Amino acid sequence: MELRQLQYFVTVARHGSFTRAAELLHLSQPGVSAQIRQLERELGHRLLDRSGRTVRLTRVGEAVLPHARAALAAAAAARRTAQEFDGLRRGRVRLGMVAGAALTPPPAVGTFPGLATTLAAFRQEHPGIDFALAEDTTAGMLGALREGRLDLAVIGLPAAASGRVDDDGWTALAGLALHPVLEVPLVALCPADHPLAAGDGPLPVAALAGHALVSTPRGTGLRTALERALTEAGADPTVAVEAAAPPQLAELAAHGLGVAVLPDQEPAPGLVVRPLADPVPRVRIALVWPSGRRPAPPTAALVAHLRAAYPGP
């Protein structure tokens, strides 16, 4: 029995899909499947039911899953303990980033360094610490943080910062420490010949109904902020095209594929920027890391460095 087999099993169990698990693990689907079958042969029981469209846990799989998670957590704790003997001389930080999160604000918000610049400065201070960077949705990274596959993540907050106990968005962050970094309003980038490009003043969010929109995939903070604002305005979203990074969204809109909804920015060639209102959708970017366990020295040092570089809104 190998730790990687347990990791593959836990990931497939969480997402109910070999394909999705392989994408997150950066492996081939047949490779993940083969390793789990090997684990099942060693245990003498099937752990996963593959007969339906969604992979489900068998009764044995349900019983084994908590032990697999505990084994992975124990292995991560052993690595952290070993790293403490080296202090900050060497180590590795696994950092997740929501798609397109460069942490660079629009001119109206202020100025601070982009993420690449900040990481480069940290690396100069700690040349023995390496980074493993990965892009994913906010939902995917929250799961990776809890499963120990990430040490730190830059996410889009899943809900408005109401702070209420019953706010589902905050419930999703239970067990995680959070440092807000950036809050900016979203605007509509309309092709110059688009009907919504005409007019002065803010564009009501409800006016987006019935028009093809260009946005990030579900699970990202930007998409969640857009859908929340549309719901509050009584409108249904019609996202015709999805792309991971904001520059791609603007380019798609410029080619007439729809209206892109992005954080406030300077006008791009061929596009008209219309502020949104009633309500004003806002995207919130934050650093998050597990709060229930002591981070390894490299992770703690990077958290402190990023919090100093990004004091928050």
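Residues numbered from 1 in each chain as written. Predicted model: local features only at pLDDT ≥ 70, side-chain atom pairs only at ≥ 80, totals over all residues. Heavy atoms only, no water.

K.L.:
Got a minute to help me understand the overall build of the protein in this structure?
P.N.:
Along the backbone of the protein there are 10 helices and 12 strands. Put simply, the protein has 313 residues, and 45% of those count as buried. Long-range contacts, defined as pairs at least 24 residues apart, comprise 74% of the intrachain contacts of the protein with a sequence gap of at least 6. Taken as a whole, the protein presents about 15100 Å² of accessible surface, with 54% of it coming from carbon and sulfur. (Helix = DSSP H or I, 4+ residues; strand = E, 2+ residues; numbered from the N terminus. Buried < 20%, exposed > 50% of the residue type's maximum accessible area, 1.4 Å probe, protein only. Contact = heavy atoms within 4.5 Å. Areas by Shrake-Rupley, 256 points an atom, 1.4 Å probe, with all protein chains shown as cover.)

K.L.:
Honestly, the packing of helix H5 (residues 115-125) against helix H10 (residues 297-309) in this entry has me stumped. Any pointers?
P.N.:
The description of two packed helices rests on the angle between their axes and on the distance between the axes. Their axes nearest at 11 Å, the elements H5 and H10 cross at an angle of 130 degrees. For the element pair H5 / H10, the angle class is oblique. The element H5 and its partner H10 pack so that their crossing is right-handed. Counted together, Leu115, Thr118, Leu119, Ala121, Phe122 and Glu125 of H5 and Pro298, Ala301, Leu302, His305, Leu306 and Ala309 of H10 form the full contact between these two elements. Class assignment for the residues of the contact of H5 with H10 results in nine nonpolar, two polar and one charged. (Axes fitted to C-alpha atoms, helices over the stretch in contact; angles between N-to-C directions. Parallel < 35°, antiparallel > 145°, perpendicular 65-115°, else oblique. Left-handed = near helix turned anticlockwise from the far one by under 90°. Nonpolar A, V, L, I, M, F, W, Y, C, P; charged D, E, K, R; others polar.)

K.L.:
How should I be thinking about the side chain of Arg149 in this particular structure?
P.N.:
Following the sequence through the fold, Arg149 ends up in the loop between helix H6 (138-146) and strand S5 (152-156). Within polar-contact distance, the side chain of Arg149 engages the side chain of Glu147 at 3.0 Å. (Polar contact = N/O pair within 3.5 Å; in protein donor to acceptor, adjacent residues only side chain to side chain.)

K.L.:
Got a minute to help me understand the side chain of Thr216 in this structure?
P.N.:
Within the secondary structure layout, Thr216 lies in the loop between strand S8 (213-215) and helix H8 (221-232). By relative accessible area, which is 2% here, Thr216 ends up buried. When sequence neighbours within four positions are dropped, the list of residues in contact with Thr216 reads Leu222, Arg223, Glu242, Ala243, Ala244 and Leu249.

K.L.:
Would you mind going over H5 with me for this structure?
P.N.:
Given 3.6 residues per turn, any residue in an α-helix points the same way as the ones three and four places further on. Every buried residue belonging to H5 is among Leu115, Thr118, Leu119 and Phe122, and all of these are buried. Buried positions in H5, seen along its axis, are confined to an arc of 95 degrees and lie on one side of it. Opposite the packed face of H5, turned more than 90 degrees from it, sit the exposed residues Ala116 and Gln124. Check the buried side of H5 and you find it contacts strand S3 (91-98), strand S4 (129-136) and H10. (Arc of directions from axis to C-beta.)

K.L.:
Is there a simple way to explain the pairing of strand S11 (residues 271-277) in this structure?
P.N.:
In terms of strand pairing, strand S6 (residues 176-191) meets S11 through five bridges, oriented antiparallel. If you follow Leu189 over to S11, its bridge partner there is Val273. Relative to S11, strand S7 (residues 203-204) runs parallel, the two being bridged by two bridges. Residue pairing for S11: Leu203 is matched across the bridge by Leu276. (Pairing = 2+ DSSP bridges.)

K.L.:
Help me out: how do you make sense of the environment of Leu39 in this one?
P.N.:
Its location among the elements puts Leu39 in helix H3 (residues 29-43). Overall, the relative accessible area of 0% leaves Leu39 in the buried class. Apart from the residues lying within four places of it in its own chain, the contact partners of Leu39 are Met1, Gln5, Leu6, Phe9 and Leu47.

K.L.:
So what exactly am I meant to see when it comes to the nonpolar core here?
P.N.:
A general trend in soluble globular proteins is that nonpolar side chains are found buried together. By size, the foremost hydrophobic cluster in this structure holds 51 residues, and its most contacted members are Leu152 and Leu208. Top contributing element to this core by residue count: S6, with nine residues. Counting residues in each nonpolar core, the second largest holds 18 residues, with Leu6, Val10, Leu39 and Leu47 among its members. (Core = buried A, V, L, I, M, F, W, Y, C linked by side-chain atoms within 4.5 Å.)

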